[in-house]
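The chain contents come next:
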Amino acid sequence: MINPFTDEYFMKKALQEAEMAFDKAEIPVGAIIVVANKVIARSHNLTELLNDVTAHAEMQAITAAANYLGGKYLIGCTLYVTLEPCQMCAGALYWSQISKIVFGATDENRGFTKMGTQLHPKTTVVSGVLAEQAAELMKRFFVERRK
């Protein structure tokens, strides 16, 4: 039997969240957190709606997952996010001790790898999953904003 729960499967769900952000005129970043192949948190950027610079998709997902689990640590969880986390989000992910981060498009200007932000030593990272789709959504957003 083929396991349908692949990184691509879950990244498609994160892309659905990014589309929701796009529709709300938010920078289109979506995130989900999964444990044991179950989505326990889903979110997208809400910085404009909430007038809050910290309302990134990852931050919203961390809070929702911690509430679901009843604790602040996300050990055994995987974050799927359409854009490489910034240093603020990477710092929060460090403290959450999340086990795995899977991201789509890289953020050449503000991504945690460019900024040199450290993750928890036990966190594994997979990059480039459905990166073209994630990058295209970002490009489309900024082209439409500049019209």
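Residues numbered from 1 in each chain as written. Predicted model: local features only at pLDDT ≥ 70, side-chain atom pairs only at ≥ 80, totals over all residues. Heavy atoms only, no water.

## Let's talk about the sheet that holds strand E2 (residues 38-44)
Picture the strands of a sheet paired through backbone hydrogen bonds; they go either parallel or antiparallel.
Moving on, step 1. With mixed pairing, five strands are arranged side by side in an open sheet as E2-E1-E3-E4-E5. In this open sheet, the two edge strands, each paired with only one partner strand, are E2 and strand E5 (124-127). Each neighbouring strand pair of the sheet contributes to a mean axis angle of 15°, computed without reference to strand direction.
Moving on, step 2. Two strands pair when backbone bridges link them, and strand E3 (residues 77-83) and strand E4 (residues 100-105) are joined in this way by five bridges, in the parallel orientation. Each bridged residue has a counterpart across the sheet, and for Leu79 the counterpart in E4 is Ile101.
Moving on, step 3. Together, strand E1 (30-35), E2 and E3 form the strand contacts of helix H3 (residues 57-69), whose direction differs from that of E2 by roughly 145°.
Moving on, step 4. This element, helix H6 (residues 131-145), spans E3 and E4 of the sheet and lies at about 60° to E4. (Pairing = 2+ DSSP bridges. Helix = DSSP H or I, 4+ residues; strand = E, 2+ residues; numbered from the N terminus. Axes fitted to C-alpha atoms, helices over the stretch in contact; angles between N-to-C directions. Contact = heavy atoms within 4.5 Å.)

## Digging into the pattern of salt bridges
A side chain of one charge can pair with a side chain of the opposite charge when the charged atoms of the two come close.
Moving on, step 1. Following the criterion strictly, the structure yields three salt bridges and no others.
Moving on, step 2. With a closest N to O distance of 4.0 Å, Glu17 and Arg42 form a salt bridge. Here the residue Glu17 occupies a position in helix H1 (residues 7-23), and Arg42 occupies one in strand E2, the gap between them amounting to 25 residues.
Moving on, step 3. Residue class for Arg42 comes out partly exposed when judged on its relative accessible area of 44%.
Moving on, step 4. A salt bridge links Glu19 to Arg140; its shortest N-O distance comes to 3.3 Å. Separated by 121 residues along the polypeptide, Glu19 in helix H1 and Arg140 in helix H6 bring together distant segments of the chain.
Moving on, step 5. What makes Glu19 partly exposed here is its relative accessible area of 32%. (Salt bridge = Lys/Arg side-chain N within 4 Å of Asp/Glu carboxyl O. Buried < 20%, exposed > 50% of the residue type's maximum accessible area, 1.4 Å probe, protein only.)

## Concerning the packing of aromatic side chains
Moving on, step 1. By the definition in use, this model includes eight aromatic pairs.
Moving on, step 2. Look at Phe141 and Phe142: their rings are 5.0 Å apart centre to centre, the planes differ by 85°, and that puts the pair in the edge-to-face class.
Moving on, step 3. Exposure remark for Phe141: the relative accessible area of 5% places this residue in the buried category.
Moving on, step 4. Ring pairing ties together the aromatic residues Phe5, Tyr9, Phe10 and Tyr80, which thus form one cluster.
Moving on, step 5. The ring of Phe22 carries the charged tip of Arg140 above its face, separated from the ring centre by 4.5 Å. (Phe/Tyr/Trp six-rings, centres within 6.5 Å; stacked < 30°, edge-to-face > 60°. Lys NZ or Arg CZ within 6 Å of the ring centre and 35° of its normal.)

## A look at the packing of H1 against H6
Moving on, step 1. With their axes 11 Å apart at the nearest point, H1 and H6 run at an angle of 5° to one another. Accordingly, the angle class assigned to the pair H1 and H6 is roughly parallel. Facing H1, whose interface residues are Leu15, Ala18, Glu19 and Phe22, H6 presents Gln133, Ala134, Leu137, Arg140, Phe141 and Glu144.
Moving on, step 2. For the contact of H1 with H6, the class distribution of residues is six nonpolar, one polar and three charged. (Parallel < 35°, antiparallel > 145°, perpendicular 65-115°, else oblique. Nonpolar A, V, L, I, M, F, W, Y, C, P; charged D, E, K, R; others polar.)

## Examining helix H4 (residues 87-96)
It helps to recall that an α-helix has 3.6 residues per turn; residues three or four apart then point in one direction.
Moving on, step 1. For H4, the complete set of buried residues consists of Cys89, Ala90, Leu93 and Ser96. The buried residues of H4 occupy one face: seen down the axis, they fall within an arc of 120°.
Moving on, step 2. Count one or two residues on from H4 and you reach Gln97, which has phi positive near 60°. (Arc of directions from axis to C-beta.)

## Structural notes on H3
Moving on, step 1. With 13 residues, H3 extends 18 Å between its outermost C-alpha atoms, agreeing within 8% with the 18 Å of an ideal straight helix rising 1.5 Å per residue.
Moving on, step 2. Every buried residue of H3 is accounted for by Ala57, Glu58, Ala61, Ile62, Ala65 and Ala66. Seen end-on, H3 carries its buried residues on one side only, within an arc spanning 155°.
Moving on, step 3. At its buried positions, H3 is contacted by E1, E2, E3 and H4.
Moving on, step 4. Phi turns positive one or two residues past the end of H3, at Gly70, with a value near 75°. (Expected span 1.5 Å × (residues − 1).)

The quantities given are spatial measurements derived from coordinates; they are silent on function.
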